[in-house]
Amino acid sequence: MTTDIKIIKPDDWHVHFREDEMLKVVTKYSSRVNRRCIAMPNTSNLITSSDQAVSYKKLIESNSHSKNFEALIPCYLTESLNIDDFTYALQNNIFVGGKLYPTNATTNSQHGVNDIKKIYNIFEILEKENSILLIHGELNRNNIDIFDREKYFIDEELFQIRNTFKDLKIVLEHVSSEYGVDFVNSNNNIAGTITPHHMLLTKDDVFKDKQINPHHYCMPVVKNESDLLSLRRAACFENNKFFIGTDSAPHQAKDKIQHDSLKAGIFSSPCSLELYASIFEEENALENLEKFSSINGPKFYGLDINNDFLTLNKEEMIVPEYTEEGNIKVKNFFAGKKIDWKVS
Ligand code: NCD
Ligand code: ZN
């Protein structure tokens, strides 16, 4: 029986660090198991300039609990971006790429891109600089079913982006459907991040018996068993184009439901690596975990693979109900449940 696994220290290519006190909490957990994290730029003050990126990176790294932890910052793309500053920031590794949020797709995306054609000039720059386009791949229009937003985005936008900018490296973030997995697998220069929750939950875990579980509500919303199985296959076996992106996205428990609206986002940082390990074990694919956690990501981003290592022990861990520190109280994903792995 496997009792422990030693892997190259992972990177998490999709985390929401937020700001202030919340940032300290997220940084503590994320720097515990990762050497690098992509810090998503949909903060309440969107990260759209090189100056903001430099100070956000510094702020996160100065709160880190491990010495060589690194935060990588993508630019929040808008139709009114300062192109000179953006290009300068890509050339000087201040931005790791650009993140496309279609308008109203998710948290703080009201300033995202409405007409994606209008930022084709930005895609051209990313392609030329051999940088990365990170995409929240959902179209939110009032006639599109919430479960079909990823498919619509792929058909109406991504297909064309892929075919117009053939050398542009694209990451389809938090792939949530079999359709998304198939698109990534059948196209060049595109990779995908996969969250633990999309490999553990289906829509029944969110919407059941006329009740909504707000703590399982995220964007893209979790889908069917067939989608979950396809994501597991992609992560565990089709193992070159997919890598970790937890999309750990905390909201204060008290704010998760406000009036009639729900905040989308699942907080998994306290146990995400342990969850990935248990999924790979269930799929009899533990030998592939390291590729998914620590190799495919840097290869796609054109960065070095980490030199340090981390050990996961076969040891029981019960996930606490909440992460509570100071004024922060966030419901943990997998709260109260047992995981058979623990980072040593
Ligand atoms: C994220 C957040 O809250 O910032 N929410 C989510 O449901 N995943 C944004 C995102 O990545 O969509
Ligand atoms: Zn996210």
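In case you missed it, the structure is sitting above this.
First things first, this report covers the structure right here in the doc. (Residues numbered from 1 in each chain as written. Chains lettered and ligands numbered in written order. Predicted model: local features only at pLDDT ≥ 70, side-chain atom pairs only at ≥ 80, totals over all residues. Heavy atoms only, no water.)

Re the overall build of the protein
From N to C terminus, the protein includes nine helices and 18 strands. Rg of the C-alpha trace for the protein: 19 Å, near the compact-globule value of 20 Å for 344 residues, within the 12% margin. Looking at the protein residue by residue over its 344 residues, the buried ones come to 59%. Sequence-distant contacts, at least 24 apart, represent 72% of the contacts inside the protein between residues at least 6 apart. Of the roughly 14,600 Å² of accessible surface on the protein, a fraction of 44% belongs to carbon and sulfur atoms. For the protein, the centre of its 39 positive side-chain charges and the centre of its 50 negative side-chain charges are spaced 2 Å apart. (Helix = DSSP H or I, 4+ residues; strand = E, 2+ residues; numbered from the N terminus. Rg over C-alpha atoms; globule rule 2.2 N^0.38 Å. Buried < 20%, exposed > 50% of the residue type's maximum accessible area, 1.4 Å probe, protein only. Contact = heavy atoms within 4.5 Å. Areas by Shrake-Rupley, 256 points an atom, 1.4 Å probe, with all protein chains shown as cover. Lys, Arg positive; Asp, Glu negative; His and termini not counted. Charge placed at Lys NZ, Arg CZ, Asp CG, Glu CD.)

Let's talk about the coordination of the zinc ion (ligand 2)
Tetrahedral coordination by four donors sets the ideal angle at the metal to 109.5 degrees; octahedral coordination by six donors sets it to 90 or 180 degrees. The protein atoms donating to the zinc ion (ligand 2) are His14 (NE2), His16 (NE2) and Asp247 (OD), with metal-donor distances spanning 2.0 Å. Considering all four donor atoms around the zinc ion (ligand 2), angles at the metal cover 92 to 129° and the coordination shape is tetrahedral. Along the chain, the residues donating to the zinc ion (ligand 2) are arranged with the sequence spacing H-x1-H-x230-D. Linking His14 in strand E2 (residues 11–15) with Asp247 in the loop between strand E12 (242–244) and strand E13 (257–258), this pair joins segments that are 233 residues apart in sequence. By relative accessible area, Asp247 is classed as buried at 6%. (Donors = N, O, S within 2.8 Å, 3.2 Å for Na, K, Ca; no water. Tetrahedral: all angles 85-135°; square planar, octahedral: opposite > 155°, others 65-115°.)

Brief notes about the site of ligand 1
Surrounding ligand 1, one finds 15 residues, the nearest of these being Arg18, Thr106, Thr107, Met219 and Asp247. The contact in question runs from an oxygen atom of ligand 1 to an N or O atom on the side chain of Asn42, over 2.9 Å. Between an oxygen atom of ligand 1 and a side-chain N or O atom of His251, the distance comes to 3.0 Å. Protein chains shield 100% of the accessible area of ligand 1, which is 310 Å² for the free molecule. (Near = heavy atom within 4 Å. Polar contact = N/O pair within 3.5 Å; in protein donor to acceptor, adjacent residues only side chain to side chain.)

Some thoughts on the pattern of salt bridges
Summed over the entire model, instances satisfying the criterion amount to 15 salt bridges. Across the pair Asp11 and Arg36 runs a salt bridge, and its minimum N-O distance is 2.9 Å. Within this pair, whereas Asp11 is found in strand E2, its partner Arg36 is found in strand E3 (residues 36–39), the two being separated by 25 residues in sequence. Classification of Asp11 by relative accessible area gives buried; the value is 0%. Between Asp340 and Lys338 there is a salt bridge; the shortest N-O distance is 2.9 Å. Several salt bridges share partner residues, and in doing so they unite Arg35, Lys57, Glu61 and Glu70 into one network. (Salt bridge = Lys/Arg side-chain N within 4 Å of Asp/Glu carboxyl O.)

Let's talk about unusual backbone geometry
Here the amide bond leading from Met219 into Pro220 is cis, since omega sits at -10°, within 30 degrees of zero. Its identity is not glycine, yet Arg18 carries a phi of approximately 60°, on the positive side. Relative to the assigned elements, Arg18 resides in the loop between E2 and helix H1 (20–33). Owing to a relative accessible area of 12%, Arg18 belongs among the buried residues under this scheme. Unusually for a residue other than glycine, His174 sits at a positive phi of about 35°.

Just geometry here; none of it tells us what the structure is for.
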